[in-house]
Amino acid sequence: MTNPYLNKAIPSPSYVCNERLLKRNLELMQRVQDESGAQIILALKGFSMWSTFPLIRKYLVGCTASSVWEARLAQDKFGREVHAYAPGYKAEELEVLLPIVQHISFNSMSQWRRYRDQTLASGVSAGLRINPEHQEAETELYDPSAPGSRLGVRLAELEGADLNGIEGFHVHNLCECDSFALERTLNAVESKFGQYLHKLKWLNLGGGHLMTRTGYDVDHLIKQLKRLRETYDLEVILEPGSAVAWQTGPLVAEVVDIVDNDGQIAILDISATAHMPDVLEMPYRPTVTGADKPGVLTHTYKLGGNSCLAGDVIGLYSFNEPLQPGSRIIFEDMMHYTMVKTSFFNGVEHPSIGILREDGEFELVRKFVYEDFRDRLS
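All of these numbers come straight from a predicted model, not from anything done at the bench.

Enquirer: Can you walk me through the overall build of the protein in this structure?
Expert: From N to C terminus, the protein includes 12 helices and 17 strands. Rg of the C-alpha trace for the protein: 22 Å, near the compact-globule value of 21 Å for 378 residues, within the 12% margin. Projected onto its principal axes, the C-alpha positions of the protein cover 65 × 45 × 45 Å. Here the protein, with 378 residues, has 52% of them falling under the buried criterion.

Written out as structure tokens, the structure is:
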């Protein structure tokens, strides 16, 4: 079967969302909602490709926003529930957020005290982000419960505090984790904060629930969510980012040049630092279709970006056939936490955005032009 992303109708570079694969993920999430009674909302920080919202809102009840602009995007393009959480709010941001959102979570007791009256007067359901001080994330950069974390209220800070008006807790300490990590987290939450849970209306379990990954125990997840709801008579909310767009499409790139310096180096028409920043920040090695680890296949290349950053390098890969200018490189699973993090660094051409429809037709939904770069700054 021919790889659909090799079709020259798909420009390079471009992010391509596969509608069929996205629908598959959403159908699994619908099953989790139906069987557990929990609600799943889209975390815009992980995936905010709003041209796909008409499909997503058929399955998910709303969005969660980490900023005023994300909340406005949810209201404007999704049109269902909007939940909000941020490490800190300014007064002018609350004035915009409160008319938009249905739930809002505060990161600290001081923020709650500062905005309590304003929030309660708005009728928005208020919550606190709690820190269970239980670590599950493997990468330090993404661990909200690491010692010294700025995220969430610890148990000691709640002792003697006035929680009148707080209707929910928000807890997020997972990162692309399985349901057993969730179970351990719930044990920590119930052990430390159980005295409060019976008094709440909702519990938001944040993101990091990678339920659409192959091998994830969905039945175990459903069991945990049902138990939680029934034990505490709570509305349970999940807000996965990665899971919605997991394995739903690639970043399509092409080779621009081949240079030699202690080995063959393929210069691509994309940039790791501008278009796949987690490759350098996390770091991680993305999968390339048809490629393997260096030395496994006949021809090994270092794949490099086209910015002037010396470290703009994706890694070493081997291929069955030699690369040459025009060869397509397909970086798999590039829908989540990619487009939301891109930049116009160096004025490098920003990848287009498109959708591979269920019928196999490609729809180009956005092509970036010079004016987008120009207007980014002033």
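Further notes follow.
Enquirer: Could you clarify how one ought to interpret unusual backbone geometry in this entry?
Expert: Trans is the common state for peptide bonds, and a negative phi is the common state for residues other than glycine. Residue Pro13 is reached from Ser12 by a cis peptide bond, and omega for that bond is 0°. Tracing the backbone shows Pro13 in the segment before strand S1 (14-18). Residue Met282 is joined to Pro283 through a cis peptide bond whose omega torsion reads -20°. On the secondary structure map, Pro283 appears in the loop between helix H11 (278-281) and strand S13 (299-304).

Enquirer: Whenever I open this one, the packing of aromatic side chains confuses me. Can you help?
Expert: This model, assessed by the stated rule, comprises 8 aromatic pairs. For the pair Tyr89 and Phe106, a centre-to-centre distance of 5.7 Å together with 80° between the ring planes defines the contact as edge-to-face. Of this pair, Tyr89 sits in the loop between strand S5 (81-85) and helix H4 (91-97) while Phe106 sits in strand S6 (residues 103-106), and the two are 17 residues apart along the sequence. Each member of the pair, Tyr89 together with Phe106, is buried. An aromatic cluster is defined as three or more aromatic residues linked by ring pairs; in this entry it consists of Tyr89, Phe106, Trp112 and Tyr115. Lying across the ring of Trp50, Lys77 places its NZ or CZ 4.1 Å from the centre.

Enquirer: Whenever I open this one, the nonpolar core confuses me. Can you help?
Expert: Nonpolar side chains tend to gather and get buried jointly when the protein is soluble and globular. By size, the foremost hydrophobic cluster in this structure holds 100 residues, and its most contacted members are Leu42, Phe47, Ile56, Ile104, Phe169, Leu303 and Phe331. For this core, the element with the highest residue contribution is helix H7 (residues 179-197), accounting for 7 residues. Those residues in contact with Ile104 that sit more than four places away from it in its chain are Ala84, Tyr89, Leu94, Leu97, Leu98, Thr119, Val124, Ser125, Ala126 and Gly127. Core analysis: the second largest hydrophobic core is formed by 7 residues, Tyr5, Ile10, Val252 and Phe362 among them.

Enquirer: I tried to follow the sheet that holds strand S10 (residues 235-238) on my own but got confused; where do I start?
Expert: The strands making up a sheet associate through hydrogen bonds between their backbones, and the pairing can be parallel or antiparallel. Sheet architecture is open: 9 strands sit in the order S2-S10-S9-S8-S7-S6-S5-S4-S3, paired in parallel fashion. Strands at the two margins of the open sheet, each flanked by one partner only, are strand S2 (39-40) and strand S3 (42-43). Bridge count between S2 and S10: 2 bridges; the pairing is parallel. Bridge pairing in S10 places Ile40 opposite Leu238.

Enquirer: Just checking my understanding: could you explain the side chain of Asp312 for this structure?
Expert: Position of Asp312 among the secondary structure elements: in the loop between S13 and strand S14 (313-319). No salt bridge is formed by the buried Asp312; its nearest oppositely charged neighbour, Lys302, is found at 12 Å. A polar contact of 2.6 Å, which involves the side chain of Asp312, links it to the side chain of Ser307.

Enquirer: Would you take a moment to explain the state of the cysteines for this structure?
Expert: Defined simply, a disulfide is a covalent bond joining two cysteines at their sulfur atoms. Within the structure shown, the criterion is met by 0 disulfides. Here Cys175 stays unpaired: no disulfide links it, and the sulfur of Cys177, its closest cysteine neighbor, is 6.4 Å away. Given a relative accessible area of 25%, Cys175 falls into the partly exposed group.

Enquirer: Hey, could you run me through the pairing of strand S15 (residues 328-331) in this one?
Expert: Note on strand geometry: in a regular strand, side chains alternate between the two faces of the sheet. Side chains Arg328 and Ile330 project from S15 onto one buried face, and the interleaved Ile329 and Phe331 project onto a second face that is buried too. Summarising the sheet, strand S11 (residues 251-260) and S15 pair through 4 bridges and their orientation is antiparallel. The residue bridging Glu254 from the neighbouring strand is Arg328, located in S15.

Enquirer: Looking at this structure, how should I read the packing of helix H1 (residues 19-36) against helix H8 (residues 218-232)?
Expert: The geometry of a pair of packed helices is captured by two quantities: the angle between their axes and the separation between those axes. The interhelical angle for the contact between H1 and H8, taken along N-to-C directions, is 35°, at an axis separation of 9 Å. For the crossing formed where H1 meets H8, the hand is right-handed. Residues Leu28, Arg31, Val32, Glu35 and Ser36 of H1 form the contact with H8, whose own contacting residues are Val218, Asp219, Leu221, Ile222, Leu225, Lys226 and Arg229.

Enquirer: Could you clarify how one ought to interpret a nonpolar patch on the surface in this entry?
Expert: Residues Leu280, Leu309 and Phe345 make up a contiguous nonpolar surface patch of about 230 Å² in total accessible area. Positionally, Leu280 belongs in helix H11.

Enquirer: Which parts of the structure should I look at to understand the side chain of His209?
Expert: On the secondary structure map, His209 appears in the loop between strand S9 (202-204) and H8. Relative accessible area serves as the criterion here: at 1%, His209 is assigned to the buried category. The residues touching His209, leaving out its near neighbours within four places in the chain, are Leu174, Cys177, Leu182, Tyr216, Leu238, Pro240 and Ala243.

Enquirer: I'm lost on the environment of Asp257 in this one. Help?
Expert: Relative to the helices and strands, Asp257 is located in strand S11. For Asp257, a relative accessible area of 36% corresponds to the partly exposed category. For the pair Asp257 and Asn306, spaced 49 residues apart in sequence, the C-alpha to C-alpha distance is 9.9 Å. For Asp257, the contacting residues outside a window of four places in its chain are Ile265, Ala266, Ile267 and Pro325.

What counts and what doesn't
- Residues numbered from 1 in each chain as written.
- Predicted model: local features only at pLDDT ≥ 70, side-chain atom pairs only at ≥ 80, totals over all residues.
- Heavy atoms only, no water.
- Helix = DSSP H or I, 4+ residues; strand = E, 2+ residues; numbered from the N terminus.
- Rg over C-alpha atoms; globule rule 2.2 N^0.38 Å.
- Buried < 20%, exposed > 50% of the residue type's maximum accessible area, 1.4 Å probe, protein only.
- Phe/Tyr/Trp six-rings, centres within 6.5 Å; stacked < 30°, edge-to-face > 60°.
- Lys NZ or Arg CZ within 6 Å of the ring centre and 35° of its normal.
- Core = buried A, V, L, I, M, F, W, Y, C linked by side-chain atoms within 4.5 Å.
- Contact = heavy atoms within 4.5 Å.
- Pairing = 2+ DSSP bridges.
- Lys, Arg positive; Asp, Glu negative; His and termini not counted.
- Salt bridge = Lys/Arg side-chain N within 4 Å of Asp/Glu carboxyl O.
- Polar contact = N/O pair within 3.5 Å; in protein donor to acceptor, adjacent residues only side chain to side chain.
- Disulfide = S-S within 2.5 Å.
- Axes fitted to C-alpha atoms, helices over the stretch in contact; angles between N-to-C directions.
- Left-handed = near helix turned anticlockwise from the far one by under 90°.
- Patch = residues over 30% accessible without salt bridge, like charges linked within 9 Å, V, L, I, M, F, W, Y side chains within 5 Å.
- Areas by Shrake-Rupley, 256 points an atom, 1.4 Å probe, with all protein chains shown as cover.

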